[in-house]
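Summary of structural features
Letter by letter, the chains look like this.
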Amino acid sequence: MERELSNKALAGDAMGQFSLNIATGLLGIITYYYTDIVGVSAGLVGTIMLLTKALDAFADIGMGVLVDRTRSRHGQARPWLLWMTVPVFASILLLFCVPDISSSAKIAYAVTTNLVFFVFVYTPISIPYLSLMALTTKSPLDRSLMGLYRAGFGYLAGMVVAIGFVPIVNAMGGGRSEWTLLAAVFGAIAAAGIYTAFRSTKERYSTIQMKESGEVQKTLPFRTGIKLLFTNRYWLIVVSAGMLANILFASSATSGMYYAKYIWGDVNLVSIMGGIGLIPVIVVFLLSGPVMKRVGKRNTAVLGLGIGLLGLLIRLIDPHSIPIGLAGSLIQAFGMIPLMIVLSPMTADTIEYGEWKHGQRIVGLTNSVNGFGGKIGTALGTALIGWFLAWGHYQEGAALQPDSAKQMIIAFNIYVPIVIYIGIGVLLMFFSLEKQYTKILDDLENRKEQIG
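The shown structure was predicted, so the numbers you read here are calculated from the model rather than taken from an experiment. (Residues numbered from 1 in each chain as written. Predicted model: local features only at pLDDT ≥ 70, side-chain atom pairs only at ≥ 80, totals over all residues. Heavy atoms only, no water.)

**Some thoughts on the overall build of the protein chain**
- Looking only at helices and strands, the protein chain features 17 helices and 0 strands.
- Here the C-alpha atoms of the protein chain give a radius of gyration of 21 Å, agreeing with the 22 Å that 2.2 N^0.38 yields for 452 residues.
- If one aligns the C-alpha atoms of the protein chain with their principal axes, the spans along those axes are about 70 × 45 × 40 Å.
- Buried residues in the protein chain amount to 57% of all 452 residues.
- Surface summary for the protein chain: the accessible area is close to 17600 Å², and the carbon and sulfur share equals 66%.
- In the protein chain, 34 positive and 25 negative side-chain charges are present, and the distance between their average locations comes to 4 Å. (Helix = DSSP H or I, 4+ residues; strand = E, 2+ residues; numbered from the N terminus. Rg over C-alpha atoms; globule rule 2.2 N^0.38 Å. Buried < 20%, exposed > 50% of the residue type's maximum accessible area, 1.4 Å probe, protein only. Areas by Shrake-Rupley, 256 points an atom, 1.4 Å probe, with all protein chains shown as cover. Lys, Arg positive; Asp, Glu negative; His and termini not counted. Charge placed at Lys NZ, Arg CZ, Asp CG, Glu CD.)

**What to know about the pattern of salt bridges**
- A full pass over the atoms with the stated rule returns 9 salt bridges.
- Measuring nitrogen to oxygen at the nearest pair gives 3.4 Å for the salt bridge that ties Arg143 to Asp349. Of this pair, Arg143 sits in helix H6 (residues 140-172) while Asp349 sits in helix H14 (residues 322-358); the two residues are 206 residues apart in sequence, bridging distant segments of the chain. Taken as a pair, Arg143 and Asp349 share a single burial class, namely buried.
- Note that Glu434 and Lys297 form a salt bridge whose closest N and O atoms lie 3.9 Å from each other. Of this pair, Glu434 sits in the loop between helix H16 (403-428) and helix H17 (437-451) while Lys297 sits in helix H13 (residues 297-315), placing them 137 residues apart in sequence.
- For Lys297, a relative accessible area of 8% gives the class buried. (Salt bridge = Lys/Arg side-chain N within 4 Å of Asp/Glu carboxyl O.)

**Regarding the nonpolar core**
- Residues Leu26, Tyr34, Phe165, Leu339 and Ile424 are the most contacted members of the largest nonpolar core, which totals 120 residues.
- If you tally residues by element for this core, the top one is helix H1 (residues 7-38), at 14 residues.
- For Ile424, the residues in contact, after removing those within four places along its chain, are Ala241, Leu244, Ala245, Leu305, Met336 and Leu339. (Core = buried A, V, L, I, M, F, W, Y, C linked by side-chain atoms within 4.5 Å. Contact = heavy atoms within 4.5 Å.)

**Here's the deal with the packing of H6 against H14**
- Relative to each other, H6 and H14 sit at 140°, their axes nearing to 9 Å. Considered as vectors, H6 and H14 are oriented oblique to each other. In the packing of H6 onto H14, the handedness of the crossing is right-handed. Contacts between H6 and H14 involve Arg143, Ser144, Gly147, Leu148, Ala151 and Tyr155 from the former and Ala333, Ile337, Met340, Ile341, Pro345, Ala348, Asp349 and Glu352 from the latter.
- Classifying every residue of the contact of H6 with H14 gives 9 nonpolar, 2 polar and 3 charged. (Axes fitted to C-alpha atoms, helices over the stretch in contact; angles between N-to-C directions. Parallel < 35°, antiparallel > 145°, perpendicular 65-115°, else oblique. Left-handed = near helix turned anticlockwise from the far one by under 90°. Nonpolar A, V, L, I, M, F, W, Y, C, P; charged D, E, K, R; others polar.)

**Re H6**
- Taking 1.5 Å of rise per residue, the 33 residues of H6 would be expected to cover 48 Å, and the 46 Å separating its terminal C-alpha atoms lies within 8% of that figure.
- A maximum bend of about 35° is found in H6 at Gly164, where proline Pro167 lies one to four positions downstream.
- Two residues or fewer after H6 comes Gly173, characterised by a positive phi angle close to 135°. (Expected span 1.5 Å × (residues − 1). Bend = angle between axes of the 7 residues up to and from the residue.)

**Things to note about the side chain of Thr85**
- Topologically, Thr85 is positioned in helix H4 (residues 85-95).
- Looking at Thr85, the relative accessible area reads 14%, which means it is buried.
- Polar side-chain contacts of Thr85 include one of 3.0 Å to the backbone oxygen of Leu81.
- Ignoring any residue separated from it by four or fewer positions in sequence, one finds Thr85 in contact with Ala191, Ile194 and Tyr195. (Polar contact = N/O pair within 3.5 Å; in protein donor to acceptor, adjacent residues only side chain to side chain.)

**Examining a nonpolar patch on the surface**
- On the surface, a nonpolar cluster with roughly 400 Å² of combined accessible area is contributed by Ile168, Met172, Leu181, Val185 and Ile189.
- Elements that contribute at least two residues to the nonpolar patch include exactly H6 and helix H7 (176-200).
- For the nonpolar patch, the leading source of residues is H7, giving 3 residues.
- One can find Ile189 in helix H7.
- With relative accessibility at 38%, the residue Ile189 sits in the partly exposed group. (Patch = residues over 30% accessible without salt bridge, like charges linked within 9 Å, V, L, I, M, F, W, Y side chains within 5 Å.)

Next up, the structure:
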């Protein structure tokens, strides 16, 4: 199938991922903000993040149903990007604006603002945005390139937060007001990116239009749609791998700050850890396209996981050594980038598989349940840091930490990622959809011609 999207359109679409990763990058460091700037207990922070993200995960399901039923002159997914442009800025600002009040009031404020952000802003952006891949193109090459562009822009955003935020906010003074001001700047950037993605995309394969033309059957009851999803074995593999990946993404966003501060002795070293990640993202961005074309999406991801696992094993040689740690982190950074690139295209491919198998094109619900799994993974990843720190008797804001806390910091920086890398690799070995995808597209096209 020929390409349907220009490189300019792909770059504009990828600004949505840039904005989402700005937001998730900020949410990654919010644990540090709560414990070391605001002064909330690490154990409570872990529980807060788990509960709010778990509740938000259920909102994903409802959002998927809304996307499948949205009718607008802008399409069924695109309008949500427009509607959420201003709220994403306002909600990010509120997250990093905890007032100087009692401990219980701080906790109530944190819970409320996290729920507002995740349920009423982030979910109404992320689910429609993920759905756009299936709605804008069916071309395998376009989807691979879209995944490549999104991952590249998203990783760049993550690096901007990881490299720039802490050194800049510390240079500004490092207090609460400085955190709020800088978060507002990043929030404005995120809002601009969401609007750019809205302007740059066009829906070509609206589920509603396909239902009206008879290409797919009428709207399914929610329970039936869920049942069909869970009989799609390739979707089950992708959603499980995504859940594990989100555990790692969520924990790594914050864990590096604790590692740099308490294992290496300088929190500003987190910017170097983030900075060296730019080298892999540039290399992988340039090579992933040719590699995917040669060995396929799944094998590209598995290859990256193997390289990342090697980097983690190098860090184990001496967890306290800065040179060894940076060298290992450089190699480790190659590990998850290919997976970030291929997960969305693989998810979109499972939609065609489900349409081919069941005669139903379930776009919004597929991505919403994927989002549900991802949010549960994110909740667990974020909560694990707070719980690990509590188990290690971490002292909030203290210059020195007990050895038990340091061991926990090493555990969620190195040992937990090793287990997750292996788990994802095993899951992906059972994903063989690429071998039959061309035949599936041909069969769907034949069905369309017969209906016509």
